[in-house]
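As a plain string of letters, each chain reads:
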Amino acid sequence: MLVLVVAVLAVSYASSARAYLQQRSELDALRAEIAETEASISDLEREMRRWEDPAYVTQEARELGYVMPGETSYVVLDENGEPLEPAAELADPDQVGPEVEPAFWEDAWASVLLAGNPPRNPGTPPLTEIDGSEEQQ
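Basis of the calculations
- Residues numbered from 1 in each chain as written.
- Predicted model: local features only at pLDDT ≥ 70, side-chain atom pairs only at ≥ 80, totals over all residues.
- Heavy atoms only, no water.
- Salt bridge = Lys/Arg side-chain N within 4 Å of Asp/Glu carboxyl O.
- Helix = DSSP H or I, 4+ residues; strand = E, 2+ residues; numbered from the N terminus.
- Buried < 20%, exposed > 50% of the residue type's maximum accessible area, 1.4 Å probe, protein only.
- Phe/Tyr/Trp six-rings, centres within 6.5 Å; stacked < 30°, edge-to-face > 60°.

### A look at the pattern of salt bridges
Then, in step 1: By the definition in use, this model includes two salt bridges.
Then, in step 2: As a salt-bridge pair, Asp 43 and Arg 46 come within 2.8 Å of each other at their nearest N and O atoms. Residue Asp 43 and its partner Arg 46 are located together in helix 1 (residues 2-51), separated by three residues, close to a single helical turn.
Then, in step 3: For Glu 71, the salt bridge identified is with Arg 62, shortest N-O distance 2.9 Å.
Then, in step 4: When its relative accessible area of 40% is taken as the criterion, Arg 62 is described as partly exposed.

### Describing the packing of aromatic side chains
Then, in step 1: Enumeration over the complete set of coordinates arrives at two aromatic pairs.
Then, in step 2: For the ring pair Phe 104 and Trp 105, a centre distance of 5.3 Å and an interplane angle of 80° mean the geometry is edge-to-face. Here Phe 104 matches Trp 105 in class, with each residue exposed.

Below, the structure is given as C-alpha cells:
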C-alpha cells in the first residue's frame, strides 16, 4: 500500500514539475522576445531622431536624385556608362564622437623605439656630405 501511495505522489509531482519547467521555458522565451522588441524600438527611435536632422534629410533626398532649387544635377559615369554610386554618407549622430588625440608620449616613445632600431635600407649608402660641401680632413 505504501508503494502505491509513493507511486501516485511521484506521478503527481512529476506532472507538476513538468508543467513548471514548461512554463519557465515559455517565460524565458517571452522575456527574450520583450528584449528583442525593446531593442527594435530603440533602433526605430534612433532612426526617427536621424530624420529630424536636416542634413540627413537632404542627403537622403539627394540619393533619390533630388536637387535644391537653382542647382544642376550631374551624374558621373564609369567607363561602362554606368552611374557611379556616391561613397560618402552621413554617420549616425549617436555614433559620432570627438576624436581623441594621441597622447604626446606615444609619439615620443615611437621615436625612441625607432632610434633604437633604425630601418635598414641596403640600397642607400650612408651620407658622406651633410650640407653639400665636402669635409676636408
